[in-house]
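Okay, here's what each chain looks like letter by letter:
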Amino acid sequence: MIALIVRRLVQLPLIVGVIYTLTLVLAWAVPGNPLENPEGRKPPESVMAAMKAQYNLDSFPKFYFSYLDSASGLRWARDTMSGRAAEQAEAAREAGLVPRPRPVFDLGPSLKHRDERVAGILAGALPVSVSLGILAILIAVAVGVTAGVVGAVKPNSFADMATLIVALIGISLPSFVIGTLFVLVFGVWLALLPVGGWGTVSQMILPAVTLSLPFAAYIARLTRMGMIDTLNSDYVRTARAKGVAEREVLLRHALKNAFLPVLSYLGPATALAMTGSFVVERVFNVPGLGQHFVDAVQNKDLFLIIGVVLVFSTMLVLLNLAVDVLYRWVDPRIG
Amino acid sequence: MLRLALPFALFMAILIGVIVSDRPLPRADLTFSNGTDITTLDLQRMSWTQDMRMARIIAEGLVANDVFDPDYAIIPAVAERWEISDDRREYRFFLREDAKWSNGAPVVAGDFVYAWRRAVLPDSAADYYTFFEYIDGVTAFFNWRNEALLEFAETTAKMSAAERADEARRLWEETQQRFAEDVGIEIVSDRELVIRLVRPIPFFLDLCAFPTFYPVYPPLVQQYEQLDTETGRIISEGGWTKPPQLVCNGPYEITVWRFKRDIRLEVNPHYWNKDSLNIRSISAPSIADPSAQVLAYQTGAVEYVADVAAPFRREMVALKNEYYREHAAELERLRGLGLDPYEIDRRLPPDPRQDVHVTAAFGTYFWNFNCMAKLPDGRDNPLADARVRRALAMMIDKRIITEEVRGLGEPVARTLIPPGSVAGYPTPEGLPCLSDCETDEERRALIDRAKALLAEAGYPDPTQMPTIELEFNKNSGHDLVAQSIAKNWQETLGLPIRLAQKELSVFRDDLKKHNFMTSRAGWYGDYPDPLTFLEINRTGDGNNDRAFANAVYDGLLDASYEEPDVAARAALLFEAERMLMEDEVPMVPIFHYCDVRMFDAHKLSGPNPHPRSTENIFLFDVLGDGVGTDTVRTMPAGWSE
């Protein structure tokens, strides 16, 4: 197990490095000048050239390596070791100012939002996306497993059919339809919940539920199938024959095994919930990572594109690792 | 089973951790939607409306406009008084002693000079650099620096890194010295600043009230600027505009700025005039979607929407008109009193339909006519003849465009400058158009007049004219306006028409290269003077997409700079605009832009309906909240748009 973790952690920088190179090549090839403001006045040619040079946008190799230098933390380490960072911070304090923040992994400035650094943008958005994703997965598991068990206990009953139909709708309807519907019903007509924003628990409910629906539907179907299988297996029959209470049979014996396929689905599902919530973020005005991804591409904001891709890919690798580890730990037969 | 529960326990722990660590702030006294997200709060580099709106809350210039005065009169701000020399070229500002930065340091003359030097250094690429060219020596300094930098690149190409660094430092020394000696800005003392202009600029004080002219705190900004020894340029990084780093001198300071979430402002404890403020805290949540902004207002999440752009806003405006019709008699009476539109709403019964407000803005939507003799592709340009332009300009039904096509009912325009927006400036008559005709006879007469003009220009049969092209980009309903105009021209004159829809960047490129026949356009004024609109038609001006060139017109503009008498100067500019709108017609104004805002006039005071539409959010007062004076401020009675 430890070997697995070590191996994967060694692979991580390699994978991220390859993704970085590919993303940069693609983003570099996008036509257009990211420094140009389509609505504003154009600066003279020479100024534009100097601005490009400032961000190393005039040369691919220069950009490639200088970005790696600061994003990997090497530049931070150099500045800290040499004492330059401390010197500058001291000078700021002496002038009665708050020293500028100095992130370890400096992902560069945002070219569109000139007052922001990419590291700062991501640090603000990541907790939002993570907590939205986690809440959605928790809701999905609670709803999905309950629905799956109910359906499996009495297959083809009314309850089973009802959950299957709801699950089908949950998978089929895109979240911008469901989200808008929720805004209309719970936000505007019933005025029970706020329609947007982020920060309070009540603001989290609608986006999390919207985001959870397709996952809940999938989990319900996985659980139902697993439960029907295990409920017909020999050891369950044995347990029943021994006179174990039905509730005990379902939860302790059957569900534990029926849950394994759900668990393996939860790894990629959690990653998807945390990173793929763009539409939900838009509908409910949630300040998460997903919207930056799309905006950055639209604005040709090179630094932000790469920053978001790097964070997403690192998260994916780590979450997959976590699921593999968990799997082995829960079910020692594997590994 | 326990092992299975562990990941979920971990999830719960993370979730609770995030919720606890990310506690929402208490509700601010005023919450408003600022339209789109802030691009930058770097005062010298900003150009977007939402940035300017925020800048006015956190920063203050030498002087300000009184936004409740019909003339937008200049009032003291950081400068408590000023003197203007007899030749009107020298401005001497005396700074108030109690003007302070948010860290308690005094605001001194050098802070303004530092900010203005940033704006005129080509290194900064400031959007509004041209405003500083009115100051003596700025143009020469800018050009010298630009050339020196180009020269630097050439002469240092073969030098070693150390030599180049030395050369860069020497150049920067020289730049600072030249700015101090050659530019007409003089620091007499910490509290006295003298500006010399290239010529008398009647609106120079209004420029001083513009955010690009606001000061920055040099010790702060210097931390983010460094000399690039490779290119010899000053490189300035962003980031100092964010809390806790930011030091500002305006009524409020930013305490929290969470990107794409919200900006939180509290009263700047060192602001000299903080006793005049009627709200203690302001919050500007970031709401990207225009429909969601309206929804946020309707559910009570925000009290003010600065720019309503929701696709259903025309329906909202229709509902307001319906409400007005229900109270027609009372409305008529209140309008007769000359009250401002927000005050009228306050005196009518409260109703949610009331809360959308459409007021004239300082801008005009118009259609460009290319004035060049030949188009770039070599074709003869029929629009080179002013008579053709006049004929086409008259054959547009402008009312249909504002009321049916756009549905906002903006005021129909006959002139470039919105009437009444510039104090002491009379508005020329302009050309009539189809929607001015009340009867069929009038309409036929106008069409005959247009046909006669075309015949004079050598087109007795308009159907045989070269195809007239209408070029536009597809967003914002320009396509519908183009279709409406095309229909007018076809039905009245039988002209052959081609609609050319372009992608925005291609469209802009075509305009710059004068590669069009007619095209959609618009212009917002930057300062309260007719010149802010008229200068765009000067021969060779960077914004003269029409390639209009007329020596008489240019001469009138030049003369206006030298004319000291206010009335005589207004007459010169009036003649220039009259010539533009009635004789030469390089463009046909369609309508004057409107601002669409949302707020409950019974609950909020502070927005002003003046067509200059400068929004000073720091003047807002939430009525009846027990904070501030809770009194209504309005335009004086008798004022009208």
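Residues numbered from 1 in each chain as written. Chains lettered and ligands numbered in written order. Predicted model: local features only at pLDDT ≥ 70, side-chain atom pairs only at ≥ 80, totals over all residues. Heavy atoms only, no water.

1. Brief notes about the overall build of chain B
Spelled out, the test is: In this text, helices come from DSSP runs of H or I with a minimum length of four residues, and strands from runs of E with a minimum of two, each type numbered from the N-terminal end. What the globule rule says is 2.2 Å times the number of residues to the power 0.38, and the radius of gyration is computed from C-alpha atoms. Relative accessibility under 20% of the residue-type maximum defines a buried residue, over 50% an exposed one, and the middle range a partly exposed one, all with a 1.4 Å probe and only protein chains included. Whether two residues are in contact is decided by their heavy atoms: any pair within 4.5 Å suffices. A 1.4 Å probe and the Shrake-Rupley method give the accessible areas. Residues count as covered only by the protein chains that appear here. Charged residues are defined narrowly, with Lys and Arg counted positive, Asp and Glu counted negative, and His plus the chain ends left uncounted. Charge positions are represented by NZ for Lys, CZ for Arg, CG for Asp and CD for Glu.
Looking only at helices and strands, chain B has 19 helices and 20 strands in total. In summary, chain B has a C-alpha radius of gyration of 27 Å against a globular reference of 26 Å for 641 residues, a match within 12%. Viewed in the frame of its principal axes, chain B has a C-alpha envelope of about 80 × 70 × 65 Å. Counting over 641 residues, chain B shows a buried share of 57%. A fraction of 69% describes how many contacts in chain B between residues 6 or more apart in sequence connect residues 24 or more apart. Element-wise, carbon and sulfur atoms account for 51% of the exposed surface of chain B, whose accessible area totals about 25,500 Å². Between the centroid of the 69 positive side chains of chain B and the centroid of its 101 negative side chains there is a distance of 4 Å.

2. A word on a nonpolar patch on the surface
All names here are of chain A. Threshold: Residues forming no salt bridge and having over 30% relative accessible area are the ones grouped into patches, like charges within 9 Å of each other and nonpolar side chains (Val, Leu, Ile, Met, Phe, Trp, Tyr) within 5 Å. A pairing counts as a salt bridge when a side-chain nitrogen of Lys or Arg comes within 4 Å of a carboxyl oxygen of Asp or Glu.
On the surface, Ile165, Ile169, Leu173, Phe176 and Val177 cluster together to form a nonpolar patch covering roughly 430 Å² of accessible area. Taken together, the elements giving at least two residues each to the nonpolar patch come down to helix H7 (158-172) and helix H8 (175-189). For Phe176, the location among the structural elements is in helix H8.

3. A word on the pattern of salt bridges
For the structure shown, the criterion picks out 70 salt bridges over all chains. A salt bridge links Glu90 of chain A to Arg93 of chain A; the nearest nitrogen and oxygen atoms lie 3.3 Å apart. Of this pair, Glu90 of chain A and Arg93 of chain A are both found in helix H5 (residues 84-94), 3 residues apart, which corresponds to roughly one turn of the helix. With its nearest N and O atoms 3.9 Å apart, the salt bridge here joins Glu97 of chain B to Arg191 of chain B. Of the two residues, Glu97 of chain B sits in the loop between strand S5 (90-95) and helix H3 (109-120) while Arg191 of chain B sits in the loop between strand S6 (185-189) and strand S7 (192-196), which places them 94 residues apart along the sequence. Each of the salt bridges in this network shares a partner with another, and the network as a whole consists of Asp87, Glu90, Arg92, Glu192 and Arg196 of chain B.

4. Structural notes on the environment of Ala384 of chain B
All names here are of chain B. Positionally, Ala384 belongs in the loop between strand S14 (356-369) and helix H12 (386-394). Measuring from C-alpha to C-alpha, the distance between Ala384 and Lys374 comes to 7.8 Å, with 10 residues separating the pair along the chain. Residues within four places of Ala384 in sequence aside, it is in contact with Asn370, Cys371, Met372, Ala373 and Arg389.

5. Re the nonpolar core
Condition: What makes a nonpolar core is a set of buried Ala, Val, Leu, Ile, Met, Phe, Trp, Tyr and Cys residues whose side-chain atoms join them at distances within 4.5 Å.
One finds Leu62, Phe93, Trp116, Ile135, Ile195 and Phe204 of chain B to be the most contacted residues of the largest nonpolar core, which totals 116 residues. Dropping the residues within four chain positions of it, Phe93 of chain B is found in contact with Leu62, Val63, Ala79, Arg81, Trp82, Arg191, Glu192, Leu193, Ile195, Phe204, Leu205 and Cys208 of chain B. By size, the runner-up hydrophobic cluster in this structure holds 94 residues, among which are Leu12, Leu24, Phe303 and Val308 of chain A.

6. Considering the interface of chain A and chain B
What counts is decided by this rule: For the purposes of these results, a polar contact is taken to be a pair of N or O atoms within 3.5 Å, where, inside protein, one atom must be able to donate a hydrogen and its partner to accept one; residues adjacent in sequence count only when each atom of the pair is a side-chain atom. Each residue receives one of three labels: charged for Asp, Glu, Lys and Arg, nonpolar for Ala, Val, Leu, Ile, Met, Phe, Trp, Tyr, Cys and Pro, and polar for the others, Gly being one of them.
Counting residues at the interface gives 61 residues for chain A and 58 residues for chain B. Counting every contact that joins chain A to chain B gives 4 salt bridges. The tally of links between chain A and chain B comes to 11 residue pairs in polar contact (both at pLDDT 80 or more). Among the elements that make up the side of chain A that touches chain B, the one with the highest residue count is helix H6 (residues 118-153) of chain A (10 residues). For the side of chain A that touches chain B, the residue count by class is 36 nonpolar, 15 polar and 10 charged.

7. What to know about the domain arrangement of chain A
Interface size is commonly expressed as the accessible area that is lost once the parts come together. All names here are of chain A. Inclusion rule: Where each domain begins and ends follows an automated or database-derived domain assignment. Two parts lose some accessible area (1.4 Å probe) when they are put together, and adding that loss for both gives the buried area.
Looking at the assigned domains, one finds that chain A contains domain 1 (2-94) and domain 2 (118-330). Centre-to-centre, using C-alpha coordinates, domain 1 lies 34 Å away from domain 2. Facing the 21 residues of domain 1 at the interface are 17 residues of domain 2. For the pair domain 1 and domain 2, the summed buried surface comes to about 1,700 Å²; carbon and sulfur atoms form 83% of the total. Its largest share of buried area at the contact with domain 2, domain 1 owes to Leu4, Arg8 and Tyr67, together 28% of the area lost on that side. Remark: the boundary between domain 1 and domain 2 carries 1 salt bridge. Across the pair Arg8 and Asp324 runs a salt bridge whose closest N-O atoms are separated by 2.3 Å.

8. A short note on H12 of chain B
Residues and elements named next belong to chain B. By the criterion of burial, H12 is predominantly enclosed, with 7 of the 9 residues buried. Its buried side turned inward, H12 meets S14, helix H14 (440-456), strand S15 (468-473), helix H15 (478-493), helix H19 (566-584) and strand S18 (587-598). Where H12 begins, one side-chain oxygen reaches toward the backbone nitrogen of Arg387, 2.8 Å away; that side chain belongs to Asp385.

9. What to know about the sheet that holds S5 of chain B
Residue and element names in this part refer to chain B. For clarity, the cut-off: At least two DSSP bridges between two strands are required for those strands to pair. Each axis is a line fitted through C-alpha atoms, and for a helix only the stretch in contact is used; angles between axes span 0 to 180 degrees, taken between their N-to-C directions.
Read from one edge of the open sheet, 4 strands run S4-S5-S7-S6, paired in antiparallel fashion. Of all the strands in the sheet, the pair left with one neighbour each is strand S4 (79-84) and S6. Neighbour to neighbour, the strand axes of the sheet diverge by 20° on average, direction disregarded. In this structure, S5 lies alongside S7, joined through 5 bridges in antiparallel fashion. Along S7, the bridge assignment pairs Glu90 with Arg196. Taken strand by strand, H3 contacts S5, S6 and S7, and its axis lies near 165° from that of S6.

10. Topic: the state of the cysteines
Residue and element names in this part refer to chain B. Convention followed: Any cysteine sulfur atom paired with another within 2.5 Å is treated as part of a disulfide.
In the structure shown here, the tally under the stated rule is 0 disulfides over all chains. Free of any disulfide, Cys371 has its nearest cysteine sulfur in Cys433, 20 Å distant. This cysteine, Cys437, is not joined by any disulfide, and Cys433 carries the nearest cysteine sulfur, 7.5 Å off. Residue Cys437 is classed as buried on the basis of its relative accessible area of 18%.

11. Quick word on the confidence of the model for chain B
So the rule is basically this: pLDDT expresses, on a scale from 0 to 100, how confident the predictor is about each individual residue.
Taken over all residues, the pLDDT of chain B has a mean of 92, while the share at 70 or more is 99%. Overall fold confidence for the complex sits at a pTM of 0.86, while the interface term, ipTM, reaches 0.82.

12. Comments concerning the pairing of S7 of chain B
All names here are of chain B. The element S7 is largely enclosed, with a buried count of 4 among its 5 residues. Inspection of the sheet shows S6 paired to S7 by 4 bridges, in the antiparallel sense. Following the sheet pairing, Glu186 is matched in S7 by Val194. Counting the residues between successive antiparallel strands, the hairpin from S6 to S7 contains 2 residues.

13. Focus on unusual backbone geometry
Residues and elements named next belong to chain B. That bond from Pro243 to Pro244 is cis: its omega, 0°, falls within 30 degrees of zero. In this structure, Pro244 sits in the loop between strand S9 (234-236) and strand S10 (252-258). Located in the positive-phi region is Arg88, a residue other than glycine, with phi close to 60°. Note that Arg88 resides in the loop between S4 and S5. Unusually for a residue other than glycine, Val585 sits at a positive phi of about 50°. Considering the arrangement of structural elements, one finds Val585 in the loop between H19 and S18. Taking the relative accessible area as the measure of exposure, Val585 reaches 1% and is therefore buried.

14. Focus: the pairing of strand S12 (residues 281-285) of chain B
Residues and elements named next belong to chain B. Counting buried residues along S12, 4 of its 5 residues qualify, which places the element largely inside the surrounding structure. Pairing geometry for strand S11 (residues 262-267) and S12, over 5 bridges, is antiparallel. Within S12, the position partnered with Arg264 by the bridge is Ser283.

15. Structural notes on H15 of chain B
Residues and elements named next belong to chain B. Note the threshold: Take the residue count of a helix, subtract one, and multiply by 1.5 Å to get its expected span.
The first and last C-alpha atoms of H15 sit 22 Å apart over 16 residues, in line with the 22 Å expected at 1.5 Å per residue. Buried within H15 are the following residues: His478, Val481, Ala482, Ser484, Ile485, Ala486, Asn488, Trp489, Thr492 and Leu493. Phi for Gly494, located one or two positions after H15, is positive at around 70°.

16. Some thoughts on the environment of Pro350 of chain B
For Pro350 of chain B, the position within the fold is in the loop between helix H11 (341-347) and S14. Separated by 251 residues in the primary sequence, Pro350 of chain B and Ala601 of chain B have C-alpha atoms spaced 8.6 Å apart.

17. Some points on the packing of aromatic side chains
Threshold: Two rings belonging to Phe, Tyr or Trp (six-membered ring only in the last case) form a pair when the distance between their centres is within 6.5 Å. Interplanar angles under 30 degrees mark stacking, angles over 60 mark edge-to-face geometry, and anything in between is tilted. Only Lys NZ and Arg CZ are tested; either one counts as a charge over a ring when it is within 6 Å of the ring centre and within 35 degrees of the ring normal.
Counted by the stated rule, this structure contains 43 aromatic pairs over all chains. Arranged with centres 6.4 Å apart and planes meeting at 90°, the rings of Phe204 of chain B and Phe213 of chain B form a pair that is edge-to-face. Here the two residues Phe204 of chain B and Phe213 of chain B agree in accessibility, since each one is buried. These aromatic residues form a ring-pair network of at least three members: Tyr20, Trp28, Tyr55, Phe60, Phe63, Tyr64, Phe65, Tyr67 and Phe303 of chain A. The residue whose ring lies beneath Arg96 of chain B is Trp272 of chain B, and the NZ or CZ to ring-centre distance is 3.5 Å. Against the face of Tyr561 of chain B rests Arg199 of chain B, its NZ or CZ located 3.7 Å from the ring centre.

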